[in-house]
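Chain and residue survey
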Number of protein chains: 2
Amino acid sequence: MKMSGGVEWALHCAVVLSAADRPVPAVRLAELHDVSSSYLAKQLQALSRAGLIRAAQGHAGGYELARPADGITVLDVVEAVDGAQPAFTCTEIRQRGPLATPPEACLRPCPIARTMSVADQAWRAALRAVTVADLAQEVTGDNTDAFTVLRGWLTA
Amino acid sequence: MKMSGGVEWALHCAVVLSAADRPVPAVRLAELHDVSSSYLAKQLQALSRAGLIRAAQGHAGGYELARPADGITVLDVVEAVDGAQPAFTCTEIRQRGPLATPPEACLRPCPIARTMSVADQAWRAALRAVTVADLAQEVTGDNTDAFTVLRGWLTA
DNA sequence: CTTGACTCGGACACAATGAGTCCGAGTAGA
DNA sequence: TCTACTCGGACTCATTGTGTCCGAGTCAAG
Ligand code: FES
Ligand code: FES
């Protein structure tokens, strides 16, 4: 039950990108957070594959959000980086062993798997309810000038 | 975001133990599910350390539930086997880099970490709402004689 | 148009965690 | 007393995540 550590980086990068008005290179984002630029590139590639951010190559290229910030949920970023598969996977062990449940009684999923699925859906719903725009709003809620400072540092 | 595969085994074992009226050895549970007895022993040890099941050694020993089945939640088993630490861990990268947020502005946790925490709590709440007794009830809801068959096989 | 430098993209090693196995200490019964 | 059976922790191997690297492609400037 351990989530990829790059999720934190990706989410912070998404919030930062929502404040930028032009493409930002991966190296710039890396030194902004003081993390490995090579590894951050991998996370950004994952986001790019998922269609959340758009990559521009060549001189003055970089990454920018592909959609408005209020159209990208936290769940989107998490699933892009960490994988969309549910944490719990049922192996159907109830159909194995001497007292195996007959297949005709397994029309519905195992109660245990159902419980896990419900919990997983609740988790996903909580993440889907928050967008990148909400996060940016909450970050810059107290100090609104940090927004402009950040934008200036990105373009410099 | 991958949960330990032994969680499924441990939960099924907990349901089975709720039907037993005497200690059941780990080997018996292993051949019942057709899984590695050595590895299942590790999961049962974790449950024992967490105080969910009680171990009896020696001849005619084995495992039995330490509490009534309706007092053991699914979350208890999951945390015992997979660890109680939350999946997302904040590294406080906002306090690093050239535009680091000053510590006096970090009195409250990062909005991203807060969102993750809310989602984690929702997940845990969903798992805490279901007990082992509920699972057993749901399993034996349709075919009530399977309960007695299982109990007979355990004592044999 | 040429050149150049800058960007992403995927392919390549290393390390940590989980999966699986094993044998010894301890105990209840015969 | 003796035996046989049980758990408990220590050990090894495989898988996945972490971190790094260099080449293909591209845009801007001169
Ligand atoms: S058989 Fe997979 S959870 Fe019950
Ligand atoms: S600093 Fe850890 S989630 Fe924002």
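Note that this is a predicted model, so its numbers are computed, not measured. (Residues numbered from 1 in each chain as written. Chains lettered and ligands numbered in written order. Predicted model: local features only at pLDDT ≥ 70, side-chain atom pairs only at ≥ 80, totals over all residues. Heavy atoms only, no water.)

As a further point, take the packing of aromatic side chains. All names here are of chain A. Using the criterion set out here, one finds two aromatic pairs over all chains in the structure. Summarising the aromatic geometry, the rings of Trp9 and Tyr39 are spaced 5.6 Å apart at their centres and angled 80 degrees between planes, so their arrangement reads as edge-to-face. With Trp9 in helix 1 (residues 6–19) and Tyr39 in helix 3 (residues 37–49), this residue pair connects regions lying 30 residues apart in the sequence. Given a relative accessible area of 37%, Tyr39 falls into the partly exposed group. The lysine or arginine in question, Arg28, covers the ring of Trp153, its NZ or CZ lying 5.6 Å from the ring centre. (Phe/Tyr/Trp six-rings, centres within 6.5 Å; stacked < 30°, edge-to-face > 60°. Helix = DSSP H or I, 4+ residues; strand = E, 2+ residues; numbered from the N terminus. Buried < 20%, exposed > 50% of the residue type's maximum accessible area, 1.4 Å probe, protein only. Lys NZ or Arg CZ within 6 Å of the ring centre and 35° of its normal.)

Turning our eyes to something else, we now look at the protein's contact with DNA strand C. The environment of DNA strand C is formed by 20 residues, the closest being Gln45 and Tyr63 of chain A together with Ser36, Tyr39 and Lys42 of chain B. Sugar and phosphate atoms constitute 67% of the interface atoms of DNA strand C, taking the interface as everything within 4 Å of the protein. One of the side-chain N or O atoms of Gln57 of chain A is found 3.4 Å from a sugar or linking oxygen in DNA strand C. In the environment of DNA strand C, a phosphate oxygen lies 3.0 Å from a nitrogen or oxygen atom belonging to the side chain of Ser4 of chain B. (Near = heavy atom within 4 Å. Polar contact = N/O pair within 3.5 Å; in protein donor to acceptor, adjacent residues only side chain to side chain.)

Next up on the list: the protein's contact with DNA strand D. Around DNA strand D, the structure places 20 residues, and the nearest of them are Ser4, Ser36 and Lys42 of chain A together with Gln45 and Tyr63 of chain B. Counting only atoms of DNA strand D within 4 Å of the protein, the fraction found in sugar and phosphate groups is 65%. Within the backbone of Gly5 of chain A, an N or O atom sits 3.1 Å from a phosphate oxygen of DNA strand D. Between DNA strand D and the protein, one listed contact pairs a phosphate oxygen with a side-chain N or O atom of Arg49 of chain B at 3.3 Å. When residues of the surface near DNA strand D are traced back to their parent elements, those giving at least two are helix 3 of chain A together with helix 3 (37–49) and strand 2 (62–65) of chain B. The class makeup of the residues in the surface near DNA strand D is five nonpolar, 13 polar and two charged. (Nonpolar A, V, L, I, M, F, W, Y, C, P; charged D, E, K, R; others polar.)

Let us now look at the interface of chain A and chain B. Between chain A and chain B, the contact holds 48 residues from the first and 48 residues from the second. Buried area between chain A and chain B, both sides added, is near 4500 Å², and the carbon and sulfur share of it is 71%. Among the residues chain A hides against chain B, the three largest losses belong to Met1, Glu8 and Ile93 of chain A. Together they make up 18% of the total. Between chain A and chain B we count four salt bridges in total. In this structure, Asp34 of chain B and Arg96 of chain A form a salt bridge, with 3.5 Å as the shortest nitrogen-oxygen distance. Mapped onto the side of chain A that touches chain B, the elements with two or more residues apiece are helix 1, helix 2 (26–33), helix 4 (74–82), helix 5 (111–128), helix 6 (132–139) and helix 7 (145–155) of chain A. A total of 11 residues in the side of chain A that touches chain B trace back to one element, the largest contributor, which is helix 5 of chain A. In terms of residue class, the side of chain A that touches chain B is made up of 30 nonpolar, seven polar and 11 charged. (Contact = heavy atoms within 4.5 Å. Buried area = accessible area lost by both parts, 1.4 Å probe. Salt bridge = Lys/Arg side-chain N within 4 Å of Asp/Glu carboxyl O.)

This part is about the packing of helix 5 of chain A against helix 5 (residues 111–128) of chain B. Running from N to C, helix 5 of chain A and helix 5 of chain B point in directions that differ by 160 degrees, and their axes come no closer than 8 Å. Judged by the angle between their axes, helix 5 of chain A and helix 5 of chain B are roughly antiparallel. As helix 5 of chain A runs across helix 5 of chain B, the sense of the crossing is right-handed. On the side of helix 5 of chain A, the interface is formed by Thr115, Met116, Ala119, Asp120, Ala122, Trp123, Ala126 and Leu127 of chain A, while helix 5 of chain B contributes Thr115, Met116, Ala119, Asp120, Ala122, Trp123, Ala126 and Leu127 of chain B. A per-class count over the contact of helix 5 of chain A with helix 5 of chain B returns 12 nonpolar, two polar and two charged. (Axes fitted to C-alpha atoms, helices over the stretch in contact; angles between N-to-C directions. Parallel < 35°, antiparallel > 145°, perpendicular 65-115°, else oblique. Left-handed = near helix turned anticlockwise from the far one by under 90°.)

The values are spatial; any link to function lies outside them.
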